[in-house]
Amino acid sequence: MKKFLMTLALCLPLSAWAAPIADTHTDMAGCDACHDQGVPSEDLAYENETCIQCHGDLAALGGMHADHAGIMECTDCHITHEEHDANSGCANCH
Ligand code: HEC
Ligand code: HEC
Ligand code: HEC
Ligand code: HEC
């Protein structure tokens, strides 16, 4: 079942936002993928560091991501436990 879910997660089109990021990632690697021993930190520094370990930092991601290098964290735009469009906050600043 785990293997099936993993394949499914990897095949989903990235634009669909079909499921919360936390769900797709828990299927892949469990709560520990992002939380230190499964427990959320208060400042999310640990969680943001895990994103960078797997995906690279904002500069490495390039494009629009790189425009925010040094000024934002992954979790500023990606709300992981909700079905959330990461584009929805742009107008707050631009
Ligand atoms: C992709 C990384 C990731 C995974 C996997 C993940 N979380 Fe989280 N979690 C976060 C982040 C980031 C936050 C901060 C709030 C947010 O972005 O939703 C958070 C917040 C939380 C919170 C605080 C309450 C809340 O919802 O805001 C709890 C409790 C929690 N996670 C538990 C879990 C459990 C239990 C699992 C496994 C079933 C899990 N998380 C899997 C990244 C993750
Ligand atoms: C253990 C490695 C790992 C960690 C930690 C991780 N990711 Fe991922 N993430 C992946 C893989 C693998 C995929 C699926 C293939 C791809 O897009 O690279 C993925 C997919 C995604 C996607 C595409 C949509 C989806 O849900 O599949 C987003 C957005 C994303 N990750 C954001 C984050 C954020 C934000 C964090 C930190 C809170 C994070 N990831 C932490 C490995 C990871
Ligand atoms: C300024 C807001 C913002 C920040 C900060 C941000 N993202 Fe994103 N991210 C987005 C948006 C918006 C998308 C969706 C792109 C689309 O599909 O149109 C996205 C998509 C992604 C994807 C899916 C694949 C891709 O490149 O399109 C991954 C993985 C991802 N982000 C990882 C991260 C990680 C890791 C961080 C922190 C280092 C991060 N993001 C920080 C807004 C942001
Ligand atoms: C928290 C505030 C904030 C949010 C939310 C935000 N940005 Fe930005 N963005 C900035 C800042 C600050 C810069 C640095 C350049 C500047 O001063 O405008 C920037 C730079 C950029 C640039 C480089 C061109 C320029 O205007 O300088 C683009 C393109 C961009 N953002 C698009 C987006 C998109 C798309 C989103 C939503 C996914 C988004 N931003 C969300 C604050 C934000």
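Residues numbered from 1 in each chain as written. Chains lettered and ligands numbered in written order. Predicted model: local features only at pLDDT ≥ 70, side-chain atom pairs only at ≥ 80, totals over all residues. Heavy atoms only, no water.

Enquirer: Before we move on, could you go through the coordination of the iron atom of ligand 1 and cite the residues and values that matter?
Expert: Distances from the iron atom of ligand 1 to its protein donors, His35 (NE2) and His81 (NE2), fall within 1.9 to 2.1 Å. Classification of the site at the iron atom of ligand 1 rests on its six donor atoms, whose angles at the metal span 86 to 180°, yielding the label octahedral. In this pair, His35 is assigned in the loop between helix 2 (21-29) and helix 3 (45-55) and His81 in the segment after helix 6 (74-77), connecting sequence segments 46 residues apart. Relative accessible area serves as the criterion here: at 15%, His35 is assigned to the buried category. (Donors = N, O, S within 2.8 Å, 3.2 Å for Na, K, Ca; no water. Tetrahedral: all angles 85-135°; square planar, octahedral: opposite > 155°, others 65-115°. Helix = DSSP H or I, 4+ residues; strand = E, 2+ residues; numbered from the N terminus. Buried < 20%, exposed > 50% of the residue type's maximum accessible area, 1.4 Å probe, protein only.)

Enquirer: Explain the site of ligand 1 to me, using residue names and the numbers behind them.
Expert: The full set close to ligand 1 counts 14 residues, and Cys31, Cys34, His35, Thr80 and His81 are the nearest of them. The separation between a nitrogen atom of ligand 1 and a polar side-chain atom of His81 is 2.8 Å. The dominant element in the shell around ligand 1, judged by the number of residues it contributes, is helix 2, at four residues. Along the lines of polarity and charge, the residues of the shell around ligand 1 split into seven nonpolar, seven polar and no charged. (Near = heavy atom within 4 Å. Polar contact = N/O pair within 3.5 Å; in protein donor to acceptor, adjacent residues only side chain to side chain. Nonpolar A, V, L, I, M, F, W, Y, C, P; charged D, E, K, R; others polar.)

Enquirer: Account for the side chain of His68, with residues named and values stated.
Expert: Following the sequence through the fold, His68 ends up in the loop between helix 5 (63-66) and helix 6. A distance of 3.0 Å separates a polar side-chain atom of His68 from the backbone oxygen of Met64. Excluding residues that lie within four positions of it along the chain, His68 makes contacts with Leu58 and His94. (Contact = heavy atoms within 4.5 Å.)

Enquirer: Tell me about the environment of Thr80, and please be specific about residues and values.
Expert: The residue Thr80 is located in the segment after helix 6 in this model. For Thr80, a relative accessible area of 29% gives the class partly exposed. Placed 59 residues apart in sequence, Thr80 and Ile21 show a C-alpha to C-alpha distance of 4.8 Å. Beyond its immediate sequence surroundings of up to four residues, Thr80 is in contact with Pro20, Ile21 and Ala22.

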